[in-house]
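Remarks on the overall topology
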Amino acid sequence: MTLEELITEGRNPNTMDIDRLSTVDMLKKINEEDKKVPLAVEKVIPSIAEAIDRIVPRMKKGGRLIYVGAGTSGRIGILDASECPPTFGVDPGLVVGIIAGGDSAIRNAIESAEDDVEGGRQDLVSINLTERDSVIGISASGRTPYVIGALRYAKEVGALTIGLFCNENKNVENIVDVMITPIVGPEVIMGSTRMKAGTAQKLVLNMISTGVMIKLGKVYSNLMVDLQASNEKLRERARRMVKLATGAKEDLIERVLNETNYNVKLAILMIVGDMEKEKAQKLLEMADGYIAEAIKLKDLVLQGEE
């Protein structure tokens, strides 16, 4: 596709006068366009769900979730990946963000890096990509050479390949297992895909990483029970989550959290199940980290003991 054919590179008829508006009216125009983004994402929820349901089994077998992008798209991937360890308590190597041009491109634009097809391939080779991994190529245009190169290599290896584009691209259908294309239309400022396209990409990646972590047992009800309580704010959040999940008194919560080194998931199960730490740990292992399943297993164990 040529640049002129890309929806994200079109000229927006609704903002032709944006340079002559008052500040308030200018912002209203931007806001009106931004409102279209979640509606575009809503239309591709089935594809997002398919991606999640195909990623989870691979991760349970030791696979990783890998985001690959250039420029804004790469930075959004790195942002989502970097939030997973503190939010869900996962190893930093489980969700990986890769950007064309390397780490220096996170802060400084290296525009030529996106044209490097071989660079996309080599960056995946360097992290020892395997067939258990899932690779999400992120590109507003859907034609970024660096991203296409990465997806082609991922397909060769046998990894799951997912395209997150804001334009349709029939030419990559043979290398992408799941296509996610929120069509947000032309940007407020022509070609500035850090705006609507970038927002759509962030919303989709939020949904994917959160959905995957829920299905991996990292969430109990709507509480992120595997967070790493690495500072006082997070320790306070940990105490609050245990309180909300158990209704226990503060002194008991504090004692159990200290005993578990602020392992929220373990503390909740110990209090709800009225059990010692060792037994709670064993049940969580049997339940693959799911608190609700561990509680069910406890009841089954008790019935068996009777």
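Naming follows an unreviewed UniProt entry, where the chain appears as N-acetylmuramic acid 6-phosphate etherase of Caldanaerobacter subterraneus. Recorded in UniProt under Function (unreviewed entry), the annotation for the chain is "Specifically catalyzes the cleavage of the D-lactyl ether substituent of MurNAc 6-phosphate, producing GlcNAc 6-phosphate and D-lactate." Entered under Catalytic activity (unreviewed entry) in the UniProt record, the comment concerning the chain runs "N-acetyl-D-muramate 6-phosphate + H2O = N-acetyl-D-glucosamine 6-phosphate + (R)-lactate".

A separate point is the sheet that holds strand E3 (residues 134–139). Reading across the sheet, the 5 strands line up as E2-E1-E3-E4-E5 and stay open at both edges, with parallel pairing between neighbours. Unpaired on one side and paired on the other, strand E2 (95–99) and strand E5 (178–180) mark the two borders of the sheet. Across this sheet, the average inter-strand angle for adjacent strands is 20°, counted without regard to direction. With 5 bridges connecting them, strand E1 (residues 65–69) and E2 associate as parallel partners. The residue of E2 that forms the bridge with Gly 69 is Ile 99. Strands E1, E2 and E3 of the sheet are contacted by helix H5 (residues 117–125), whose axis makes an angle of about 150° with E2. Against the sheet, helix H7 (residues 196–215) touches E1, E2, E3, strand E4 (160–165) and E5, its axis set at about 165° to E3.

Before going further, it helps to spend a moment on the pairing of E3. Look at any regular strand and the pattern is simple: side chains alternate between the two faces of the sheet. Of all 6 residues making up E3, 6 are buried, and the element is well covered by its neighbours. Alternating positions in E3 separate into two faces, Ser 134, Ile 136 and Ile 138 on one and Val 135, Gly 137 and Ser 139 on the other, with burial throughout. Bridge count for E1 against E3 is 5 bridges, and the pairing is parallel. When the bridges of E3 are listed, Leu 65 appears paired with Ser 134.

On the UniProt side, "active site" (unreviewed entry) is annotated at positions that read Glu 83 and Glu 114 here. Annotated residues spanning 32 residues; largest pairwise C-alpha distance 24.3 Å, indicating distribution over more than one region. The annotated residues that sit in the lining of the largest pocket are Glu 114. Position of Glu 83 relative to the elements: it lies in helix H4 (residues 71–88). Of note, Glu 114 is situated in the loop between E2 and H5. Look past the residues within four positions of Glu 114 in its chain and what remains in contact with it is Ala 70, Ala 100, Thr 144, Pro 145 and Tyr 146.

About the thresholds
Residues numbered from 1 in each chain as written. Predicted model: local features only at pLDDT ≥ 70, side-chain atom pairs only at ≥ 80, totals over all residues. Heavy atoms only, no water. UniProt positions renumbered as here; feature names shortened; annotations may be inferred. Pairing = 2+ DSSP bridges. Helix = DSSP H or I, 4+ residues; strand = E, 2+ residues; numbered from the N terminus. Axes fitted to C-alpha atoms, helices over the stretch in contact; angles between N-to-C directions. Contact = heavy atoms within 4.5 Å. Buried < 20%, exposed > 50% of the residue type's maximum accessible area, 1.4 Å probe, protein only. 1 Å grid on protein atoms, 1.4 Å probe; cavity = no way out; pocket = protein on both sides within 12 Å on 5 of 7 lines; lining within 4 Å.

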